Amino acid sequence: MTGKVVDVIVIGAGTAGLKAYKAATARGADTIVIERGSGGSTCTRCGCMPSKLLIAAARAAHQARQAGRFGVEIGTISVDAAAVWQRVRRERDRFVASVLEEYHAIPADQRVHGGARFDGPNSVVVDDRRIEARRGIVVATGARPITPDGFDDVRHLVHTHETIFELDGLPQSLAVLGAGPLGLELAQAFARLGVEVAVFDPGSSIGGLKDPDCNAAAVEAIGAELRLHLETKARASAHGSDQAKLHWDGGEMLVDCILAATGRTPALQDLGLEHIGITLDDDGVPVFDRRSHRCGDSRIFVAGDADAWRPVLHEAARGGRIAGQVAAGGEPPRCLPAFSVAFTEPGIAQIGTAFADLPPDARIGKATVADNGRATVDGHTHGLVKLYGDRAGKLIGASIVAPDAEHLGHLVALGIDRDIDVATFADQAWYHPTLEELLQSAARDLAGIED
Ligand SMILES: Cc1cc2nc3c(=O)[nH]c(=O)nc-3n(C[C@H](O)[C@H](O)[C@H](O)COP(=O)(O)OP(=O)(O)OC[C@H]3O[C@@H](n4cnc5c(N)ncnc54)[C@H](O)[C@@H]3O)c2cc1C
C-alpha cells in the first residue's frame, strides 16, 4: 500500500467538496480531493438545475394555456416532449461541464479517483493508497435517493431524480410518491406538460410546509392542478409489462411511470464512520457543530447533504467552505437563518424558525395573496404569507405560499439575519404594486400597525 500525508482531505467533489477544497487551499493547506464518481454535482446532474429547466418548460406551457384569461388567444397548445428534454439536457450538460471544469482545474496530484474509507480518525484508504491528514478530513459525500418498499413488482417503472431526467418522452400518467419539495415541484411540472399526475404521501403536509394554514393554502392551490392523495400510502402491482396498478385504501389507478421522491439519505454507509470514535445519531449521521461543521473535538468535518441538516444548495456550498476553512485552521462564521424553497406555483418558502418550533408567546401576522393588488393584476388568487415575531418584536421566521415566494423569502432571510424588528421591517420602501407588499401587510398585521 502506498502512503501520503497532506494537511486536509476532502471526500466528495460535489458542491460542498469543491468549496471545502478551495477554502482549505486558500488558507495554504496542502489538500487532496477524493471522488468516486465522474465529478459534476448532484445540483447540476440530477438536482436543482434539470428540475428547474423542466419547470421552466412547464411554466411556458401553463402560461400559454392561461393566456385566454387576459384576452389573448394562442390557439392549440402542444408540448413537444423530445424538444423539452433536448433543452433540459443541453442546458443541464452545460451546467455539469462548468462544475467539471472546476474539478479538473485542481492539479492532478491533488485529485484521487476512488471510494474513500476511514481506517483511523486521521486517515482514509482508497484502493491501495492510504492518505493521512495532519489537520482535518471533510466528509462531503452527498446523499442518495431512498427507494420505497413494496414496489418490487414494478421496479422497472420506478424512477428517482437520478433517472427521471433521462426519459425519452413524457408518460401519459405518473404517480409521484412523496409530496415534499422535490416531489411536488416535479409533479406540478409533469402535470403542466400534459401528464396525468397523482401524488401520494402518508403525511398531510406538502412542500415540507410546517405551518398548517400555509399548508392548507398550498393544498388548495396545487390540488386544483393535480390529484393529491395525502395521508395515503399506495402500493403497486404489475399490470402487463408496461403499466403499474397503484392501490390504496379507497382507490386504484393505472400509471405508466412512478417517481419515487421519498427522501434522500446521507451517503455515509461505505465510509466506516462507526469505527473511528465519533458520535453518530440514530440514523448513523455524525453529530456535528452547526457553526464549524466539526464532529465533536475530532478532526473530522461533515458538510452538504451528507450532514442531513439543511439539504439545500447554498448550505452545501457554505458548509463545505466553512469546513474547509476551519479544517485548515480558520474560524467559523455565524449560522444563517434556515431558508428552503419549493419552486412550485404558488411557490413555497420557509425561513428562520419553523412554525413547529415557535415559542409559545410568538406573534404572527398574515397577508393573503387574494388581497394583494399585483397578484390580482397578474391573475394569482391563491396563497398566504405568515410572518413570525418573538415577544420582543423581532422577526424570527416566515412561511410563504405565494407567487415569487423565493424572492420574498430572501427579504425575510436578510431581515432575520440582520436582527430586524418587525415594525422596522414594515416601515421600509415597499413599492406599489408589488408582491413584496405582502410582506409589508403581514409585518403591519404582526406589529399591530394600522393602515
Ligand atoms: C431533484 C432535486 C432538486 C433540487 N433542487 C434544489 C433547488 O432548487 N435548490 C436548492 O438549494 N437545492 C436543491 N436540491 C438540493 C441540492 O441539489 C443539494 O443540496 C446539493 O447538490 C448537495 O451537494 P453536496 O455537495 O452535498 O453533494 P453532491 O453534489 O452529491 O456531491 C457528493 C459527491 O461525493 C461523492 N462521494 C460519495 N461517497 C464517496 C466516497 N465514499 N468516496 C469518494 N467520493 C464519494 C459523490 O460521487 C458525489 O460526487 C435539489 C436536490 C434534488 C435531488
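See above for the structure.
The present account deals with the structure reproduced in this document. (Residues numbered from 1 in each chain as written. Predicted model: local features only at pLDDT ≥ 70, side-chain atom pairs only at ≥ 80, totals over all residues. Heavy atoms only, no water.)

This part is about the overall build of the chain. Assigned secondary structure in the chain consists of eleven helices and 22 strands. In terms of C-alpha radius of gyration, the chain reaches 24 Å, essentially the compact-globule figure of 22 Å for 451 residues. Judged by the C-alpha coordinates and their principal axes, the chain covers about 70 × 65 × 40 Å. Taking all 451 residues of the chain together, 50% fall into the buried category. (Helix = DSSP H or I, 4+ residues; strand = E, 2+ residues; numbered from the N terminus. Rg over C-alpha atoms; globule rule 2.2 N^0.38 Å. Buried < 20%, exposed > 50% of the residue type's maximum accessible area, 1.4 Å probe, protein only.)

Glancing now at unusual backbone geometry. The omega torsion of the bond from E345 to P346 falls at -5 degrees, within 30 degrees of zero and hence cis. Secondary-structure assignment places P346 in the loop between β18 (339–342) and β19 (347–352). Put simply, H432 and P433 share a cis peptide bond, and its omega is -10 degrees. Here the phi dihedral of A308 falls at roughly 60 degrees; this positive angle occurs in a residue that is not glycine. Relative to the helices and strands, A308 is located in the loop between β17 (300–302) and α7 (313–327). For A308, a relative accessible area of 42% translates into the label partly exposed.

Further remarks concern the layout of surface pockets. Space inside the second largest pocket adds up to approximately 820 Å³. H62, R192, E345, P346 and H380 are, among the 35 residues lining the second largest pocket, the residues nearest its centre. Elements supplying a minimum of two residues to the lining of the second largest pocket: α3 (48–66), α5 (181–192), β18 and α9 (405–417). No other element matches α3, which puts seven residues into the lining of the second largest pocket. The class makeup of the residues in the lining of the second largest pocket is 15 nonpolar, ten polar and ten charged. (1 Å grid on protein atoms, 1.4 Å probe; cavity = no way out; pocket = protein on both sides within 12 Å on 5 of 7 lines; lining within 4 Å. Points joined across faces, edges and corners; volume = space filled by probe spheres on them. Nonpolar A, V, L, I, M, F, W, Y, C, P; charged D, E, K, R; others polar.)

With that settled, consider the pattern of salt bridges. Between side chains of opposite charge, a pair can form as their charged atoms come close. Under the definition given, this model contains 26 salt bridges. In this structure, R130 engages E132 in a salt bridge whose closest nitrogen and oxygen atoms are separated by 3.5 Å. A relative accessible area of 31% places E132 in the partly exposed class. Put simply, E345 and R192 hold a salt bridge, and the shortest N to O gap is 2.5 Å. Taken together, the residues span a long stretch of sequence, with E345 in the loop between β18 and β19 and R192 in helix α5 at a distance of 153 residues. Owing to a relative accessible area of 28%, E345 belongs among the partly exposed residues under this scheme. (Salt bridge = Lys/Arg side-chain N within 4 Å of Asp/Glu carboxyl O.)

Moving on, we get to the environment of V88. In this fold, V88 is placed in helix α4 (residues 81–104). Classification of V88 as buried rests on a relative accessible area of 1%. In this structure the C-alpha to C-alpha distance between V88 and H380, which are 292 residues apart in sequence, comes to 27 Å.

This next bit is on the sheet that holds strand β20 (residues 363–368). If you walk across this open sheet you meet the five strands as β18-β19-β22-β21-β20, and the pairing is antiparallel. Bordering the open sheet on either side are β18 and β20, each of which pairs with just one other strand. Geometrically, the sheet is characterised by an average inter-axis angle of 10 degrees between neighbouring strands, direction not taken into account. (Pairing = 2+ DSSP bridges. Axes fitted to C-alpha atoms, helices over the stretch in contact; angles between N-to-C directions.)

Under the definition given, this model contains five aromatic pairs. Its guanidinium or amino end placed over the ring of Y103, R111 lies 5.5 Å from that ring's centre, counting from NZ or CZ. (Phe/Tyr/Trp six-rings, centres within 6.5 Å; stacked < 30°, edge-to-face > 60°. Lys NZ or Arg CZ within 6 Å of the ring centre and 35° of its normal.)

One open sheet holds the five strands; their spatial order is β8-β15-β9-β10-β11, and the pairing between them is parallel. Each of the sheet's edge strands pairs with one partner strand only, and the pair in question is β8 (158–159) and β11 (227–230). The sheet contact formed by β8 and strand β15 (residues 257–260) spans two bridges and is parallel. Pairing of H159 across the sheet is with L259, part of β15. The strands touched by α5 within the sheet are β9 (173–177), β10 (196–201), β11 and β15, with β10 carrying the most contacts at an inclination of about 160 degrees. (Contact = heavy atoms within 4.5 Å.)

Another point: α3. With 19 residues, α3 should cover 27 Å at 1.5 Å per step; its first-to-last C-alpha distance of 26 Å lies within 8% of that length. Those residues of α3 that are buried are in contact with α2 (42–46), α4 and α5. (Expected span 1.5 Å × (residues − 1).)

For Q188, the position within the fold is in helix α5. Residues in contact with Q188, not counting those within four places in the same chain, are I222, E225, L226, T344 and E345.

Ranked by size, the top nonpolar core spans 40 residues in total, and within it L54, F190 and V197 carry the most contacts. For this core, the elements supplying multiple residues, two or more each, are α3, α4, β9, α5, β10, α6 (212–223), β11 and β15. In terms of residue count, the dominant contributor to this core is α5 (six residues). Ignoring anything within four residues of it in the chain, the contact list for F190 reads L54, W85, I164, L167, L170, P171, L174, V195 and V197. Listed in part, the 28 residues of the second largest apolar core include A413, V422, A426 and A443. (Core = buried A, V, L, I, M, F, W, Y, C linked by side-chain atoms within 4.5 Å.)

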